[in-house]
Every structure is written in C-alpha cells, then in structure tokens.
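# Structure at a glance
Below are the chains, spelled out letter by letter.
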Amino acid sequence: MKFYFIAAAAFTLSSPVLAQQAPMPPMDHSKMDHSKMPMEQSDMMAMMNDPNNPYGATEMEMHKKMMMAKQGLPSELWTRKMIEHHRGAIAMSRVALEKATDKQTRNMAQMTITTQTREIAKMQAWLKSHDKPAQ
C-alpha cells in the first residue's frame, strides 16, 4: 500500500498541469543555434533574390503550392502535391532553357518538360477518374 501511495504522489507531482504552473526562467535567445531552425521568411526572400540562384523564385512557388495542397486522403493528397512538384520541375526547366549554355543541360531540361507534362496529365486523369476536381 505504501508503494502505491508513493507512486501516486510521484505521478501527481510530475503532472504536466503542475509543471505548467511553475514560472519558467526567461530564455537567452542569443545562445541558440539558429542554423538548425527552419528558414526565416527573410532568409527565404534572400535565397529567392540571390543572383547566383536563377531558380529561387520557381523553387519558392513550387514549395508554396505543394504546401497549399491539403485536399483529400493520402492518395489524392499525394497526387495534388506531385502535380505541383512536377509543375515546379517544368518551371525550373524553363529557366534552364533560358539561362543554361551547356547543350546537355538544355536537352535534359527539355526532356524534363516533356516527361513531367505527360506525368501531370496522368495525375489529372487519375483525379478525374476518382471524381476529384482537377488542379
């Protein structure tokens, strides 16, 4: 009986409700390692406007649209996110066609546009065949 009383007391004292009532000391944010934190919006804007990265704007647009795709159960959701991912690949490939000087890179970019366009059509057809609105 004594063991159960001690266990109950220990459980009660370790309760999150009681832990929340204790005041927390202020945090010193200057000592935090920000390199392991998600990107700040200003960091993303800097990346997008980096003259050494001609793909920044297309990358940001793709990620934004992928994150906005939230409709449906896993199969539909995957399809919607992949459509945006493929559209992003097409947009990046168009930038490569405009800016890349290497013939092999330009050929791969053109091939990516062709194959990803075909894949998007397949995914749109899947949506339609499952009575889901196109994207």
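Cut-offs applied
- Residues numbered from 1 in each chain as written.
- Predicted model: local features only at pLDDT ≥ 70, side-chain atom pairs only at ≥ 80, totals over all residues.
- Heavy atoms only, no water.
- Helix = DSSP H or I, 4+ residues; strand = E, 2+ residues; numbered from the N terminus.
- Buried < 20%, exposed > 50% of the residue type's maximum accessible area, 1.4 Å probe, protein only.
- Contact = heavy atoms within 4.5 Å.
- Areas by Shrake-Rupley, 256 points an atom, 1.4 Å probe, with all protein chains shown as cover.
- Salt bridge = Lys/Arg side-chain N within 4 Å of Asp/Glu carboxyl O.
- Expected span 1.5 Å × (residues − 1).
- Core = buried A, V, L, I, M, F, W, Y, C linked by side-chain atoms within 4.5 Å.

## A word on the overall build of the protein chain
A count of helical and extended segments in the protein chain gives six helices and zero strands. For the protein chain, the α and β elements follow one another from N to C terminus as α-α-α-α-α-α. The buried share of the protein chain, reckoned over its 135 residues, is 21%. Long-range pairs, those at least 24 residues apart, make up 49% of the contacts in the protein chain with a sequence separation of at least 6. Roughly 10700 Å² of accessible area belongs to the protein chain as shown, and the carbon and sulfur atoms make up 64% of that amount.

## Quick look at the pattern of salt bridges
Enumeration over the complete set of coordinates arrives at seven salt bridges. A salt bridge links Glu-61 to Lys-64, with the nearest nitrogen and oxygen atoms 3.7 Å apart. Of this pair, Glu-61 and Lys-64 both sit in helix 4 (residues 56-68), three residues apart, which is roughly one turn of the helix. Residue Lys-64 is classed as partly exposed on the basis of its relative accessible area of 45%. Take Glu-61: its relative accessible area is 33%, and that puts it in the partly exposed class. Connected through salt bridges with shared partners, the residues Glu-61, Lys-64 and Lys-65 form a single ionic network.

## As for the environment of Met-67
Residue placement: Met-67 occurs in helix 4. A sequence separation of 17 residues divides Met-67 from Glu-84, and the C-alpha atoms of the two residues are 9.3 Å apart.

## Observations regarding unusual backbone geometry
Here Asp-131, not a glycine, exhibits a phi torsion of approximately 55 degrees, which is positive. Its place among the elements puts Asp-131 in the segment after helix 6 (103-129). Judged by its relative accessible area of 74%, Asp-131 falls in the exposed class.

## Quick notes on helix 4
Under the 1.5 Å per step criterion, the end-to-end length of helix 4 is 18 Å for 13 residues, consistent within 8% with the ideal 18 Å. Inspection of helix 4 places Gly-56, Thr-58, Met-60, Met-62 and Met-66 among the buried residues, and these make up the whole buried set.

## What about the nonpolar core?
In terms of nonpolar packing, the biggest core is built from six residues, these being Ile-83, Ile-90, Ile-113, Ile-120, Met-123 and Leu-127. A total of four residues in this core trace back to one element, the largest contributor, which is helix 6. Contact partners of Ile-120, with chain neighbours within four places excluded, come to Ile-83, His-86, Arg-87 and Ile-90.

## Brief notes about the environment of Gly-72
Assignment of secondary structure puts Gly-72 in the loop between helix 4 and helix 5 (74-99). Along the sequence, Gly-72 and Lys-132 sit 60 residues apart, while their C-alpha atoms lie 9.0 Å from each other.

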